[in-house]
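# Coordinates in review
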Amino acid sequence: MKNIFKTLKNSSDLFIIAEAGSNWKRGTYREDLAQAKKLIKTASICGADAIKFQTYDANVYVQHAGKSNYLSKKGLNKSVNDLFNEFSMPYRMLPKLKHYCQQFNIEFMSTPFSVNDVHAIDKFVNIHKLASFEINHIPMLHALAKTKKPIIISTGASTLDEISFALKTIKKFNHNQICLLQCTSKYPASIESLNLSVIPSLKNKYKIPVGLSDHSLDPLIAPLTAVGFGANIIEKHFTLDKSLDGPDHYFSLDPTELEIMISALRKSFKSKGNIMKQIHNDEKELRKFAHRSIQAIKSIEVGDKFILGHNIAILRPGNRKRGMEPRFLQKIINKKSKSKINTGDGILLTDV
């Protein structure tokens, strides 16, 4: 398992979370557990570092909270209380999922929605995740801070003041292992709403790792762009079948898309390199072969003057003896040669 905060603090790695959300729900407890295990196995095979579930009960909302417009449009014409009750994960499932994740060498995570959830989850996770709409949940911020485990905070629909308050609240407990995720709280989120340019701004402001929790439909555009902006955590919903009933399936990636995304992200992250412009080892052979240098275009005898276009030129040397850089041309023009130089060989300062 990766030491998430150590690697992310040094921006030396990319941490990919496959968000299962409520996509484990199928019917009976036995069916639910089997589906959750399939999701774990799939996420591991696709190359994710972690799989994340959600642990909550129906008490997240006030009683008679009504229906969500966006879910109603998707045919989920139930009250949000009924939906949260239907898709709540029983605590007794947590140790089983943790054990199964260990078998497939993938980090187990689950987002809590109450202080009781934090206590239930804590013994099974190495990393905590705070959902966007819990960023002002002060008792839960306290509970998470007391665990002393890394906390990843989604910032959907949040202001800088709210983010700063959450960070300050957690840090009061001498807790500094915190990461932020840029997030747009819309399901699905349009590409135009993602505001990925804020990622480097958040990194510069808070001096902590920042990533992306992506709710857009495309498997590549936002995650790859986010990595380009400096993200080193990517979270993305996935499902085994987009046609299944439930609030998260329709905007989630299928296994093929998840695998494509993870493969592309790993390669994209490797391509970033570092901030130093330098000659890479892979370039050295062609640089020596094709980078122009000062070469003799006819045989030069001792005492001959070096004259551009007459006996020297700026050419690619290939496998011949390489001459000096063209920027030193004025150091040899009209100077006499103290060496015999064969046609094609390079001119060095020691020949002048």
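The text that follows walks through the structure, step by step, so that each part is easy to find. (Residues numbered from 1 in each chain as written. Predicted model: local features only at pLDDT ≥ 70, side-chain atom pairs only at ≥ 80, totals over all residues. Heavy atoms only, no water.)

### With respect to the pairing of strand β2 (residues 50-55)
In terms of burial, β2 is largely enclosed, as 6 of its 6 residues are buried. Burial along β2 is two-sided: Ala50, Lys52 and Gln54 and Ile51, Phe53 and Thr55, pointing in opposite directions, are all buried. The parallel pair strand β1 (residues 15-21) and β2 is bridged by helix α2 (residues 29-46), and the resulting crossover is right-handed. Examined bridge by bridge, β2 and strand β3 (residues 107-112) share 6 bridges and lie parallel to one another. Each bridged residue has a counterpart across the sheet, and for lysine 52 the counterpart in β3 is methionine 109. (Buried < 20%, exposed > 50% of the residue type's maximum accessible area, 1.4 Å probe, protein only. Helix = DSSP H or I, 4+ residues; strand = E, 2+ residues; numbered from the N terminus. Right-handed = clockwise from strand over helix to strand, strands pointing away. Pairing = 2+ DSSP bridges.)

### Focus: the packing of aromatic side chains
Scanning the model with the defined rule gives 8 aromatic pairs in all. Ring geometry for tyrosine 61 and phenylalanine 84: centres 5.3 Å apart, planes at 80°, overall edge-to-face. Separated by 23 residues along the polypeptide, tyrosine 61 in the loop between β2 and α3 (69-72) and phenylalanine 84 in helix α4 (residues 80-86) bring together distant segments of the chain. By relative accessible area, tyrosine 61 is classed as partly exposed at 42%. Between tyrosine 250 and phenylalanine 251, the aromatic rings sit 5.3 Å apart at their centres with planes inclined by 80°, giving edge-to-face as the arrangement. For phenylalanine 251, a relative accessible area of 2% puts it in the buried group. The structure contains a cluster of three or more aromatic residues connected by ring pairs, namely Tyr56, Tyr61, Phe84 and Phe113. Residue placement shows arginine 92 over the ring face of tyrosine 29; its charged tip is 3.8 Å from the ring centre. (Phe/Tyr/Trp six-rings, centres within 6.5 Å; stacked < 30°, edge-to-face > 60°. Lys NZ or Arg CZ within 6 Å of the ring centre and 35° of its normal.)

### Details of the packing of α2 against helix α5 (residues 94-103)
Packing of α2 against α5 brings their axes to within 10 Å, and their N-to-C directions diverge by 30°. Put simply, α2 runs roughly parallel to α5. As for the relative orientation of α2 and α5, their crossing is right-handed in sense. Seen from α2, the contacting residues are Tyr29, Leu33, Ala36, Lys37, Ile40 and Lys41; seen from α5, they are Lys96, Leu97, Tyr100 and Cys101. When the residues that make up the contact of α2 with α5 are grouped by side-chain class, the tally is 7 nonpolar, no polar and 3 charged. (Axes fitted to C-alpha atoms, helices over the stretch in contact; angles between N-to-C directions. Parallel < 35°, antiparallel > 145°, perpendicular 65-115°, else oblique. Left-handed = near helix turned anticlockwise from the far one by under 90°. Contact = heavy atoms within 4.5 Å. Nonpolar A, V, L, I, M, F, W, Y, C, P; charged D, E, K, R; others polar.)

### Points about the nonpolar core
Counting 63 residues, the largest nonpolar core has Ile51, Phe53, Leu97, Ile153 and Phe238 as its most contacted members. If you tally residues by element for this core, the top one is α2, at 6 residues. Residues contacting isoleucine 51, with those up to four places away along its chain left out, are Ala18, Ala20, Leu39, Ile40, Ala43, Cys101, Ile106, Glu107, Phe108, Met109 and Phe238. In this structure, Ala296, Ile312, Met324 and Ile347 belong to the second largest nonpolar core, which totals 10 residues. (Core = buried A, V, L, I, M, F, W, Y, C linked by side-chain atoms within 4.5 Å.)

### Quick word on the sheet that holds β2
Read across the sheet, 8 strands follow the order β3-β2-β1-β8-β7-β6-β5-β4 without closing on themselves; strand pairing throughout is parallel. Every interior strand has two partners, whereas the edge strands, β3 and β4 (128-130), have only one. When the angles between neighbouring strand axes are averaged without regard to direction, this sheet yields 25°. Bridge analysis of β1 against β2 gives 4 bridges, and the strand direction is parallel. Within β2, the residue paired with glutamate 19 across the bridge is lysine 52. Across the sheet, α5 touches β2 and β3, and the angle it forms with β3 is around 150°. On the sheet, helix α7 (residues 138-147) packs against β3, β4 and β5 (151-154) and is oriented at approximately 160° with respect to β4.

### Comments concerning the environment of isoleucine 341
Secondary-structure assignment places isoleucine 341 in the segment after β10 (312-315). According to the relative accessible area criterion, isoleucine 341 is buried, its value standing at 4%. The residues touching isoleucine 341, leaving out its near neighbours within four places in the chain, are Ala296, Lys298, Ser299, Ile300, Phe306, Gly346, Ile347 and Asp351.

### Re the side chain of histidine 215
Along the chain, histidine 215 falls in the loop between β7 (210-214) and α10 (221-228). For histidine 215, the side chain forms a polar contact with the main-chain oxygen of threonine 184, separated by 3.0 Å. When near neighbours in sequence (up to four residues on either side) are disregarded, histidine 215 contacts Cys183, Thr184, Ser185, Lys186, Tyr187, Pro188, Ala189, His237 and Phe251. (Polar contact = N/O pair within 3.5 Å; in protein donor to acceptor, adjacent residues only side chain to side chain.)

### Section: the pattern of salt bridges
A complete count under the given rule lists 13 salt bridges for this structure. Between glutamate 235 and lysine 129 there is a salt bridge, with its nearest N and O atoms 3.0 Å apart. Within this pair, whereas glutamate 235 is found in strand β8 (residues 233-237), its partner lysine 129 is found in strand β4, the two being separated by 106 residues in sequence. Lysine 129 carries the same exposure label as glutamate 235, and that label is buried. Linking lysine 242 and glutamate 257 is a salt bridge whose minimum nitrogen-to-oxygen distance equals 2.9 Å. You can see lysine 242 sitting in the loop between β8 and α11 (255-271) and its partner glutamate 257 sitting in helix α11, a full 15 residues away along the chain. (Salt bridge = Lys/Arg side-chain N within 4 Å of Asp/Glu carboxyl O.)

These results come straight from atomic positions and should not be treated as a statement about function.
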